[in-house]
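Chain by chain, the residues run as shown.
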Amino acid sequence: MGTDLPALLRSLRVWDAGTTTLPPFDPDTAPPTPLPLFTDWFAQAVAAGQPEPHTMSLATADEEGRPDVRIVMLHGADPDGWSFATHAGSRKGRALEAHPYAALAFYWPVLGRQVRVRGPVAPAPYEESQADLHARSTGALAAALTGRQSEELASADELRDASAAAWTTARENPSEPAPTWTLYRLRPDTVEFFQGVADRAHIRLEYRSTGFGWSRGLLWP
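What counts and what doesn't
- Chains are numbered independently. Their residues run from 1 in the order of the written sequence.
- Owing to the predicted nature of the model, reporting of local features is limited to residues with pLDDT of at least 70; listing and counting of side-chain atom pairs is limited to 80 or more, with chain, interface and lining totals taken over all residues.
- For side-chain calculations, the full set of non-hydrogen atoms in the structure is used, while hydrogens and water are omitted.
- By nonpolar core is meant a set of buried Ala, Val, Leu, Ile, Met, Phe, Trp, Tyr and Cys residues that side-chain atoms within 4.5 Å join together.
- Partly exposed residues are those whose accessible area sits between 20% and 50% of the maximum for their type, while under 20% is buried and over 50% is exposed, using a 1.4 Å probe and protein chains only.
- To qualify as a helix, a DSSP run of H or I must reach at least 4 residues; to qualify as a strand, a run of E must reach at least 2; elements of each kind are numbered from the N terminus.
- Should any heavy atoms of two residues lie within 4.5 Å, those residues are considered in contact.
- A carboxyl oxygen of Asp or Glu within 4 Å of a side-chain nitrogen of Lys or Arg is what we treat as a salt bridge.
- At least two bridges found by DSSP between two strands are what make those strands a pair.
- Each direction from the helix axis to a C-beta atom contributes to the arc, which is the arc of those directions.
- Candidates for patches are residues over 30% relative accessible area with no salt bridge; among them, like charges are joined within 9 Å and nonpolar side chains (Val, Leu, Ile, Met, Phe, Trp, Tyr) within 5 Å.
- Note on areas: these come from Shrake-Rupley sampling with a 1.4 Å probe, and a residue is covered only by the protein chains present in the view.

*Asks:* How should the nonpolar core be read in this particular structure?
*Replies:* Nonpolar side chains in soluble globular proteins tend to be buried together. Grouped together as the largest cluster of nonpolar side chains are 30 residues, with contacts concentrated most on Trp82, Phe84 and Val115. For this core, the element with the highest residue contribution is helix α2 (residues 34-47), accounting for five residues. Dropping the residues within four chain positions of it, Phe84 is found in contact with Met56, Leu58, Val72, Met73, His75, Leu96, Leu104, Val121, Thr182, Leu183 and Tyr184. Counting eleven residues, the second largest nonpolar core, distinct from the first, contains Leu133, Ala142, Ala170 and Trp181.

Next comes the structure, spelled out in structure tokens:
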């Protein structure tokens, strides 16, 4: 017997009281720029036990303007932007070359929070991309050395063989370069902070880059 998807969906609830705490958020006390607030919210998500708080949705548009989205890992956030990495020849890389603008979304349900970031994206210099890769784990280097991301795969055996060879190289030479591995930075035009509220009067605070600093405003939920 198949699953009754509509019934299953109706049985689910968002922000169950047993696993979620909705902290108060006064947007009038928010800092004048978004990065300090993001850093605080990120630290609070970690402290609250949010699984994988550093993962985020990355939305791009491909060469034909069709949207695409996937989960990637945040590599950093600083005054230069929010950073992530991928192979330049992957679907993400090709999309960003065609349309160097993207959106990020973080979801931390243990606190009923979302953060959305949108803006232009630019690749970091090669040396910086490789330094970022080699600061990560052996597994991350092995995955990067396996390469051919998003290309068609003939068989699972082909992947296992390539992965095994990449792991050997990564262990024997931790500084092995992965030439197409690229660090990207998204410099935000807008950053939105969403705080869920039990009575559904959710708080949405949006920062907007003006070219001379940041302006702030509330949005209807």
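*Asks:* What is the right way to look at the pattern of salt bridges in this model?
*Replies:* Two side chains carrying opposite charge are able to pair once their charged atoms lie near each other. Per the counting criterion, the structure on display carries twelve salt bridges. Between Arg187 and Asp80 there is a salt bridge, with the nearest N and O atoms lying 3.8 Å from each other. Here the residue Arg187 occupies a position in the loop between β7 (181-186) and β8 (190-195), and Asp80 occupies one in the loop between β3 (76-78) and β4 (81-87), the gap between them amounting to 107 residues. Residue Arg187 is classed as partly exposed on the basis of its relative accessible area, which comes to 46%.

*Asks:* So what exactly am I meant to see when it comes to the pairing of β7 here?
*Replies:* One face of the sheet, then the other: side chains in a regular strand alternate in exactly this way. A large share of β7 lies buried, amounting to six of its six residues. By the alternation rule, side chains of β7 split into Trp181, Leu183 and Arg185 and Thr182, Tyr184 and Leu186, which are all buried. Alignment of strand β6 (residues 113-123) against β7, held across three bridges, turns out to be antiparallel. The partner of Ala122 across the bridge, within β7, is Arg185.

*Asks:* How do you make sense of helix α3 (residues 91-98) when you look at a structure like this?
*Replies:* In an α-helix, one full turn covers 3.6 residues, which means residues spaced three or four apart are oriented alike. Of the positions making up α3, those classed as buried are Lys92, Gly93, Ala95 and Leu96. Projected down its long axis, α3 carries its buried residues within an arc of 165°, all on one side. For α3, exposure combined with an orientation more than 90 degrees from the buried face picks out Arg91 and Glu97.

*Asks:* Whenever I open this one, a nonpolar patch on the surface confuses me. Can you help?
*Replies:* Among the surface-exposed residues, Leu5, Leu8, Leu9 and Leu12 lie close enough to one another that they form a single nonpolar patch of about 390 Å² accessible area. The residue Leu12 is located in the loop between α1 (5-11) and α2 in this model.

*Asks:* Which parts of the structure should I look at to understand unusual backbone geometry?
*Replies:* A negative phi holds for most residues other than glycine; trans holds for most peptide bonds. A positive phi is found at Glu52, a non-glycine position, where the angle reads about 45°. With respect to the helices and strands, Glu52 occurs in the loop between α2 and β1 (55-61). The phi angle at Ser150 is positive, at roughly 80°, despite the residue not being glycine. With respect to the helices and strands, Ser150 occurs in the loop between α5 (138-146) and α6 (156-172). Looking at Ser150, the relative accessible area reads 35%, which means it is partly exposed.

Taken by themselves, the reported measurements are silent on function.
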